[in-house]
Amino acid sequence: MLYNYNIVTSRPQPFLKRVPPDEMPDNLRAAWRKSMELRGDAAFFEVFGNNPGLYDWYTENFYREVFHGGTVPRRIKELARLRLSTIHGCRFCNQGNRVDALSAGLTGAEIDALSDYENASFSDAEKAVLRLADQMLLTNPDGALSQSLYDDLRKHFTDGELLELGLVMAVLSGMAKLLFAFDLVEKEDYCVFGAHGNSSQG
């Protein structure tokens, strides 16, 4: 399946207050500007203006210390992140993740091959990580680390590195749930997660 990153879906309409950029701290306002330049939308940052400390935790503790830090190479984590956001259908995420994946050394051809990664030119380690990402998807509630997948991963990663990968994917998938449930982002046309769900059911 090929994914179209250029389809414009409906703009986010969160229930939470959207804080104007002139009321944001400097770092959040800078991220808001960057998002507006890249996507033309920054609802995510406007809503996080209600609690800038949470935004700081997410960017500093998770992204700086774990995602960009840690022991697993950044290229591997970018590959897994893009796989998750592509399958989940987060257009907002895909736009930024694609840029970051390219800066981490992935090629446009590799990114386009993610939908059929087993038949693409990814390394055995990368294919194993992508199989792990498929187990961590919100759309795969029965996903699990099997013995065979573990054995494949252990050829390339320590148990500590596998835990790092699992934690990174868990945070990203959990964050995707927040983004969709709170309607903070644009979604791809194939995204199965609806904005505000069945609101009539409370």
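Summary of the structure given here. Within any chain, residue numbers begin from 1 and follow the written order of that chain's sequence. Totals for whole chains, interfaces and linings use every residue, but because this is a predicted model, local features are given only for residues with pLDDT of at least 70 and side-chain atom pairs only at 80 or more, for both listing and counting. Computation of side-chain values: all heavy atoms of the structure, hydrogens and water removed.

Labels follow the DSSP assignment, with helices taken as runs of H or I lasting at least four residues and strands as runs of E lasting at least two, numbered in each case from the N terminus. Scanning the protein for helices and strands turns up 9 helices and 0 strands. Helices and strands appear in the protein in the N-to-C order α-α-α-α-α-α-α-α-α. Two things to know: the radius of gyration comes from C-alpha atoms, and the globule rule equals 2.2 Å times the number of residues to the power 0.38. Radius of gyration (C-alpha) of the protein: 17 Å, near the 17 Å computed for a compact globule of 202 residues. Expressed as lengths along the three principal axes of its C-alpha atoms, the size of the protein is roughly 50 × 35 × 35 Å. Exposed residues in this analysis have more than 50% of their type's maximum accessible area, buried residues have under 20%, and partly exposed residues fall in between, with area computed by a 1.4 Å probe over protein chains only. Counting only residues that meet the buried cut, the protein has 47% of its 202 residues in that class. Sequence separation of at least 24 residues holds for 67% of the intrachain contacts in the protein that already meet a minimum separation of 6. Surface accessibility in these figures is a Shrake-Rupley result with a 1.4 Å probe; residues are shielded only by whichever protein chains are displayed. Summed over its atoms, the accessible surface of the protein is roughly 10,200 Å², and 53% of this surface lies on carbon and sulfur atoms. Should any heavy atoms of two residues lie within 4.5 Å, those residues are counted as being in contact.

When the charged atoms of two side chains with opposite charge come close together, those side chains can pair. Salt bridge, as used here, is a side-chain nitrogen of Lys or Arg placed within 4 Å of a carboxyl oxygen of Asp or Glu. Tallied over the full model, the rule gives 20 salt bridges. R64 serves as the salt-bridge partner of E60, at 2.7 Å between the closest nitrogen and oxygen. Within this pair, E60 and its partner R64 are both found in helix α3 (residues 52–67), separated by 4 residues, close to a single helical turn. Classification of R64 by relative accessible area gives partly exposed; the value is 48%. In this structure, E65 engages R64 in a salt bridge whose closest nitrogen and oxygen atoms are separated by 3.6 Å. Looking at E65, the relative accessible area reads 44%, which means it is partly exposed. Ionic contacts of the salt-bridge type, sharing partners, join the residues R74, E78, R81 and D100 into one network.

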